[in-house]
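As a plain string of letters, each chain reads:
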Amino acid sequence: MNYTLLTPEIIVCCTALLVLVVDLFMAQGEGAKSTKSTKKLLGWIAIAGLVAGMFAVYNTPEGLAFGNRSFVNDTFAMYFKYLFLGIGILVIVSSMDYLAERTTHHGEYYFVLLLVIMGTMFMVSAGELISLYVSLEMLSVGSYVLVAYLRTRQGIEGGIKYLLFGAFCSAVLLYGIGIIYGLTGTTEIKGIGEFLNQGDKGCALPLGLAFILAGFGFKIACIPFHFWVPEAYEGAPTPITAFLASASKVASFAVFIRVFMEGFIGIRQEWTMALIILCILTMAIGNLSAIPQTNIKRLLAYSSIGHAGYLLIGLVIGTVNGLSAVMFYLLVYALAILGIFMVIAIISKRIDTDEIEGYEGMYKRSPFLCLCMLICLASLAGLPPLAGFMGKFYLFAYAVHAGYIYLAVIGFIFSTISVYYYFRILKSMYFMEAKDESIISFSPLLKVVLILIMLGLFLIGILPQSFISSAIESVPKWY
Amino acid sequence: MCLTNYLILSAIFFCLGIYGVLVRRNAVMILLSIELMLNAANINFVAFSKYVDPNMLTGHIFTIFVIAIEAAEVAVGLAIILSAYRHMKSINVEDINLMKW
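Computed from a predicted structure; not experimentally measured.

Analysis parameters
- Residues numbered from 1 in each chain as written.
- Chains lettered and ligands numbered in written order.
- Predicted model: local features only at pLDDT ≥ 70, side-chain atom pairs only at ≥ 80, totals over all residues.
- Heavy atoms only, no water.
- Helix = DSSP H or I, 4+ residues; strand = E, 2+ residues; numbered from the N terminus.
- Rg over C-alpha atoms; globule rule 2.2 N^0.38 Å.
- Buried < 20%, exposed > 50% of the residue type's maximum accessible area, 1.4 Å probe, protein only.
- Contact = heavy atoms within 4.5 Å.
- Areas by Shrake-Rupley, 256 points an atom, 1.4 Å probe, with all protein chains shown as cover.
- Lys, Arg positive; Asp, Glu negative; His and termini not counted.
- Charge placed at Lys NZ, Arg CZ, Asp CG, Glu CD.
- Axes fitted to C-alpha atoms, helices over the stretch in contact; angles between N-to-C directions.
- Parallel < 35°, antiparallel > 145°, perpendicular 65-115°, else oblique.
- Left-handed = near helix turned anticlockwise from the far one by under 90°.
- Nonpolar A, V, L, I, M, F, W, Y, C, P; charged D, E, K, R; others polar.
- Salt bridge = Lys/Arg side-chain N within 4 Å of Asp/Glu carboxyl O.
- Core = buried A, V, L, I, M, F, W, Y, C linked by side-chain atoms within 4.5 Å.
- Buried area = accessible area lost by both parts, 1.4 Å probe.
- Polar contact = N/O pair within 3.5 Å; in protein donor to acceptor, adjacent residues only side chain to side chain.

Caption draft 1: Local environment of the overall build of chain B. Counting secondary structure elements, chain B contains 3 helices and 0 strands. If you list the helices and strands of chain B from N to C, you get α-α-α. Expected size for 101 residues packed as a compact globule is a radius of gyration near 13 Å; at 17 Å, chain B overshoots this value by more than 25%. Dimensions along the principal axes, computed over C-alpha positions, put chain B at roughly 50 × 25 × 20 Å. When each of the 101 residues of chain B is scored for burial, the buried share is 41%. Sequence separation of 24 or more characterises 61% of the internal contacts of chain B that already satisfy a separation of 6 or more. Approximately 5400 Å² of chain B is accessible, and the part contributed by carbon and sulfur atoms is 70%. Across chain B, the centroid of the 6 positively charged side chains sits 8 Å from that of the 6 negatively charged ones.

Next comes the structure, spelled out in structure tokens:
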């Protein structure tokens, strides 16, 4: 037993409980006048907890917490934990502004959000299918609550669709895990890998693999399992949409990598073809369905499906380089999508709609927000010299290097198509006439954070070397 | 009793669950069908634990975790369905289609 390895998770969990207790006492004692500052206080407590969690991750040694592999703290997990804590901070900064006038129940929101972040942290550390399933459900169940949190009609609708699809796919995933457990007699991913490497496979293996692929396919939102994505993204409060598009997807990819690269690497030939088909379908349908969308959150939902397709290329490659490209791309993608949704959250407070028409003439109302949107969208589209370009460059270059030239070509074609619909948003912001020319103002904190995001995108785009090498160091030596 | 019987039973339950999810239009019934699928997986775990891995009880432990998570999922699910009923006066999933699928 080595509980010190769990310090970051314990800190996040304690912060969540603290937020709940502080909210309880604040609500009791004070009148309506001071509630606004106390609600802000809850957000600051949550941010402080996440920053403390980051320091804890830095100080935590590698190792196994419980002797078995149910909690593995390796460089792979630590890379993602930094990412989740960072995403959490940005989502909370955005939520503090977004929630202010929309609901009075802030404590529970931050509580559930922190617990979901803790779930993602456990997820990347899970080296064993039981802890993996439990932490995956921690993420999912919390997300259902958060999507429907504001109890708007669309939020509830998104929540119900997310819940029913999510529960269905987790049942399918569980059945698949059951089959794999029955074949190998163990739930440790490493043990499964060793067993399958011996070449003694049962005939039920493809069935188990297909079920597990379906379960993870739902979480990463790849094509035949994507129906929940537009609904949940559109209905959810915008900061939660940002969280689903970044942390939830990143965590699911991390788990996907661990299970398939550590557990099923010995039977690559059984699933590579399926993955290639999923990858091409996801890139094609995700990007093509984004074109006719008129709602900006729906458009970004389909584009995030398309990004899952690019990321699957890295999993098809499956080498250390390919995986490091995936990890690097996840970082870059999360940063850009968070920036975009923060801008959308600020703007939606004033124009009260998420339709792209509402963004017409935004250039006159807030040049800064438009610049931020421009840079983040250009990064997502993969234009140099931004971070998104380097992300796509590494991914496609390693794909060519590994002999998957056609995947790189298809990816390149669809990322060119994505430029079209991203620039449709920019066109309405920059070149259309505004109906209402009032200035959009927002807090200096958000401005600082948005400037940092933009600087980050430029920095990673111009000097990607240190980031990609830290990603390469974080890929465990599973082979 | 051999392992195959348990696996057949669990496969039947799983298929019934999928059938229910696809055919039923009432959100609560869909949730119930999903429970059936999860329990099918539980039968698998317990059977495998007894026949494949009798010393470690991993499957039994997994089942206990799954039952607890199922309960949490249903609690959240029913809460969301309840608030949907307050908004739309219906829990038929075909009525819950403000946004296009």
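Having seen it, we continue.
Caption draft 2: Main features of the packing of helix H13 (residues 320–351) of chain A against helix H15 (residues 367–381) of chain A. Residue and element names in this part refer to chain A. Packing of H13 against H15 brings their axes to within 9 Å, and their N-to-C directions diverge by 150°. When the axis of H13 is compared with that of H15, the two are roughly antiparallel. Our pair here, H13 against H15, has a crossing hand that is left-handed. Here Val332, Tyr333, Ala336, Ile337, Gly339, Ile340, Val343, Ile344, Ile346 and Ile347 of H13 come into contact with H15, specifically with Leu369, Cys372, Met373, Cys376, Leu377, Ser379 and Leu380. Among the residues making up the contact of H13 with H15, the classes are represented as 15 nonpolar, 2 polar and no charged.

Caption draft 3: Fine view of the pattern of salt bridges. All names here are of chain A. Tallied over the entire structure, the rule returns 10 salt bridges over all chains. Between aspartate 74 and arginine 258 there is a salt bridge whose closest N-O contact spans 3.2 Å. Of the two residues, aspartate 74 sits in the loop between strand E2 (68–73) and helix H3 (75–99) while arginine 258 sits in helix H10 (residues 238–263), which places them 184 residues apart along the sequence. For arginine 258, a relative accessible area of 1% puts it in the buried group. Ionic pairing is found between arginine 298 and glutamate 234, a salt bridge with its closest N-O pair at 2.7 Å. With arginine 298 in helix H12 (residues 296–317) and glutamate 234 in helix H9 (residues 228–235), the pair connects residues that are 64 residues apart, well separated along the chain. In this structure, arginine 298 and glutamate 234 share a single accessibility class: buried. The network of salt bridges with shared partners includes Glu231, Glu234 and Arg298.

Caption draft 4: The nonpolar core, seen in detail. Residue and element names in this part refer to chain A. Counting 220 residues, the largest nonpolar core has Phe80, Phe216, Phe260, Phe264, Leu312 and Met373 as the members making the most contacts within it. Counting residues per element, this core draws most heavily on H13, at 24 residues. In contact with phenylalanine 80, not counting residues within four places along its chain, are Val124, Val250, Ala254, Met327 and Leu330.

Caption draft 5: Spotlight on the packing of helix H6 (residues 153–184) of chain A against H9 of chain A. Residues and elements named next belong to chain A. At a minimum axis distance of 7 Å, the contact between H6 and H9 shows a crossing angle of 145°. Two packed elements cross with a definite hand, and for H6 against H9 that hand is left-handed. Contacts between H6 and H9 involve Gln154, Gly155, Gly158, Lys161, Tyr162 and Phe165 from the first element and Trp228, Glu231, Ala232, Glu234 and Gly235 from the second. Taken together, the residues of the contact of H6 with H9 sort by class into 4 nonpolar, 4 polar and 3 charged.

Caption draft 6: Layout of the interface of chain B and chain A. Listed per partner, the contact involves 46 residues of chain B and 42 residues of chain A. Summed over both sides, the interface between chain B and chain A buries roughly 3900 Å², with carbon and sulfur atoms accounting for 79% of that surface. In this assembly, chain B and chain A are joined by 0 salt bridges. Inspection of the region where chain B meets chain A yields 4 residue pairs in polar contact (both at pLDDT 80 or more). Contributions of two or more residues to the side of chain B that touches chain A are made by helix H1 (3–23), helix H2 (27–51) and helix H3 (58–88) of chain B.

Caption draft 7: Local environment of the environment of glycine 107 of chain A. Residue and element names in this part refer to chain A. For glycine 107, the position within the fold is in helix H4 (residues 107–125). Classification of glycine 107 by relative accessible area gives buried; the value is 0%. Note: C-alpha distance between glycine 107 and glycine 43 (64 residues apart in sequence) is 8.7 Å.

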